[in-house]
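Residues per chain, in single letters:
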Amino acid sequence: MRIVSGIQPTGNLHLGNYLGAIRNWVSMQDDAAASGGECLYFLADLHAISMPHVPADLSANTREMVAALVACGIDPDHSILFNQAQVPQHAELQWLLNGTARMGWLNRMTQWKDKAGKNREGQSVALFTYPVLQAADVLIYQATHVPVGEDQKQHLELARDIAQKFNNDFCAEDAPLFTLPAPFIPPEAARIMSLRDGSSKMSKSDPSDMSRINMTDDADTIMQKVKKAKTDPEPLPSEKAGLEGRAEANNLVSIYAVMAGTTADDVLAQFGGQGFGSFKPALGELLVEKLAPINARFVELRQDRTALDAILRKGAEKARALAIPTLEKTYDALGLVRR
Ligand code: TRP
């Protein structure tokens, strides 16, 4: 098992980021350790330049994301943790794969269509070829499993198409160069919603700080935000079906369930019939208990730039060693003279 995944370095990390990708990465790392597999996790900083960005923010967010990943349990001695920019083989392989990827394939990518909207002419070339870099990210390590959210499934299918076509066009039938990576979509990928509006995702760009629980929030702030979270006047139902049409209540119950490692039905078996006056303090305490150690480690590590840079440097060194053999074989397969 070779697990590879990337995350874009955004700042202002919150509970939604933790319960979405990050927690899943940690559990895959622990499973991989038990089964002799290997995980490579990286900050997709090269992908970040496909949209307008502020250079100083990109560097700061890259380091902040490393601090968050380590605080949440990614162990740089067990997983290979790095940023793309220090492993130039990703960009090199992308160029080589640009010869195989088809315009028509990229034109069909829904993320491209969504991000470009009506203004395709004004987008960067990088936004269009983004999925080819993503294919290079996983193919260069011969990844077998790629944990991603539902929204990235199409990009993974594209990576498989590119790998397949390259193997067909340039390799002997019994000696394919690239492994076809399988997407791994976590079964209960938690979708955490805003605390102020149960119909929109918890987001770093929501103008109200009360809408999210930040990784930097201390215990008092967390309690405050949970107590002020939007709800309805009804008591909690005793089964999940009773949450239908109650987006805010549903969100708080889901958060409780994932944090406690149980199901919504179990949570409601315990709290059904009670009002938010008793449920909210229980949820707040659970969040504080689970997040306090992460928060402490994060707040300490994010200001230790030397430590963060050392983690990235070491991770990149290991990643390069794994990337080079596949890259060399790709040059060879294409007939490019290297020696
Ligand atoms: N595109 C992914 C996202 O936005 C991030 C990413 C880049 C990625 N390269 C990857 C994810 C390779 C998995 C594998 O979430």
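Computed from a prediction, not measured in an experiment: that's the story for all the values here. (Residues numbered from 1 in each chain as written. Predicted model: local features only at pLDDT ≥ 70, side-chain atom pairs only at ≥ 80, totals over all residues. Heavy atoms only, no water.)

Here's the deal with helix 13 (residues 305–333)
Move 1: Relative to the 42 Å expected for 29 residues at 1.5 Å per residue, helix 13 spans 41 Å between its end C-alpha atoms, a close match to the ideal helical length.
Move 2: Largest kink in helix 13: about 30 degrees, centred on A323, with the proline P325 one to four residues after it.
Move 3: Of all the positions in helix 13, only L308, I311, L312, G315, A316, A319, A323, T326, L327, T330 and Y331 are classed as buried.
Move 4: Positioned one or two residues after helix 13, G335 has a phi angle of 80 degrees, which is positive. (Helix = DSSP H or I, 4+ residues; strand = E, 2+ residues; numbered from the N terminus. Expected span 1.5 Å × (residues − 1). Bend = angle between axes of the 7 residues up to and from the residue. Buried < 20%, exposed > 50% of the residue type's maximum accessible area, 1.4 Å probe, protein only.)

Thoughts on the site of the ligand
Move 1: Contacts to the ligand come from S5, G6, F42, A44, H47, Y130, Q134, D137, V138, V146, V148 and Q152.
Move 2: Within the side chain of D137, an N or O atom sits 2.7 Å from a nitrogen atom of the ligand.
Move 3: In isolation the ligand exposes 360 Å². Once the protein is present, 88% of that is buried.
Move 4: For the shell around the ligand, the secondary structure elements donating two or more residues are strand 1 (2–7) and helix 7 (125–139).
Move 5: By residue number, the principal contributor to the shell around the ligand is helix 7, which donates four residues.
Move 6: Considering only residue class, the shell around the ligand consists of six nonpolar, five polar and one charged. (Near = heavy atom within 4 Å. Polar contact = N/O pair within 3.5 Å; in protein donor to acceptor, adjacent residues only side chain to side chain. Areas by Shrake-Rupley, 256 points an atom, 1.4 Å probe, with all protein chains shown as cover. Nonpolar A, V, L, I, M, F, W, Y, C, P; charged D, E, K, R; others polar.)

Brief notes about unusual backbone geometry
Move 1: Notably, N12 is not glycine yet its phi reads approximately 50 degrees, a positive angle.
Move 2: Residue N12 is classed as partly exposed on the basis of its relative accessible area of 48%.
Move 3: At Q142, a position not held by glycine, the phi torsion is positive, near 55 degrees.
Move 4: Examined against the element boundaries, Q142 turns out to sit in the loop between helix 7 and strand 4 (145–147).

A closer look at the packing of aromatic side chains
Move 1: Scanning all chains against the criterion turns up 10 aromatic pairs.
Move 2: Plain terms: the ring middles of F82 and Y141 are 6.1 Å apart, the flat faces sit at 70 degrees to each other, and that makes the pair edge-to-face. Taken as a pair, F82 in strand 3 (residues 80–83) and Y141 in the loop between helix 7 and strand 4 lie far apart in primary sequence, 59 residues in all.
Move 3: On the accessibility criterion, F82 (0% relative accessible area) is buried.
Move 4: A centroid spacing of 5.0 Å and a plane angle of 75 degrees characterise the contact between W112 and F128, whose relative ring orientation is edge-to-face. (Phe/Tyr/Trp six-rings, centres within 6.5 Å; stacked < 30°, edge-to-face > 60°.)

A word on the environment of A68
Move 1: Looking at the element boundaries, A68 is found in helix 3 (residues 55–72).
Move 2: For A68 and M215, which are 147 residues apart along the polypeptide, the C-alpha to C-alpha distance reads 8.0 Å.
Move 3: With sequence-adjacent residues up to four places away left out, A68 is seen in contact with L13, M215 and F298. (Contact = heavy atoms within 4.5 Å.)

Description of empty space enclosed by the protein
Move 1: Tallied over the entire structure, the rule returns one cavity of 30 Å³ or more.
Move 2: Volume-wise, the largest cavity comes out at about 40 Å³.
Move 3: If you trace the largest cavity, you find it lined by M109, Q111, W112, K115, L127, Y130, P131 and H155.
Move 4: Elements with a contribution of two residues or more to the lining of the largest cavity: helix 6 (110–116) and helix 7. (1 Å grid on protein atoms, 1.4 Å probe; cavity = no way out; pocket = protein on both sides within 12 Å on 5 of 7 lines; lining within 4 Å. Points joined across faces, edges and corners; volume = space filled by probe spheres on them.)

Things to note about the pattern of salt bridges
Two side chains of opposite charge can pair, provided their charged atoms sit close to one another.
Move 1: Counting across every chain of the model gives 12 salt bridges.
Move 2: Here D232 ties to R246 by a salt bridge, and the two come within 2.7 Å at their closest N and O atoms. Within this pair, whereas D232 is found in the loop between helix 9 (219–228) and helix 10 (247–260), its partner R246 is found in the loop between helix 9 and helix 10, the two being separated by 14 residues in sequence.
Move 3: Between D332 and R339 there is a salt bridge, with the nearest N and O atoms lying 3.4 Å from each other.
Move 4: The partly exposed category is assigned to D332, whose relative accessible area is 37%.
Move 5: Owing to a relative accessible area of 78%, R339 belongs among the exposed residues under this scheme. (Salt bridge = Lys/Arg side-chain N within 4 Å of Asp/Glu carboxyl O.)

A short note on the domain arrangement of the protein chain
Move 1: With domains assigned, the protein chain is organised as domain 1 (2–190 + 305–333) and domain 2 (209–300).
Move 2: On the side of domain 2, 12 residues touch domain 1, which itself brings 14 residues to the contact.
Move 3: Of the roughly 1100 Å² buried between domain 1 and domain 2, counting both surfaces, carbon and sulfur atoms make up 79%.
Move 4: Applying the counting rule to domain 1 against domain 2 returns zero salt bridges.
Move 5: At the boundary of domain 1 with domain 2, the tally comes to three residue pairs in polar contact (both at pLDDT 80 or more).
Move 6: Contributions of two or more residues to the side of domain 1 that touches domain 2 are made by helix 1 (15–35) and helix 3.
Move 7: Its residues assigned to classes, the side of domain 1 that touches domain 2 comprises 10 nonpolar, one polar and three charged. (Domains from an automatic or database assignment. Buried area = accessible area lost by both parts, 1.4 Å probe.)

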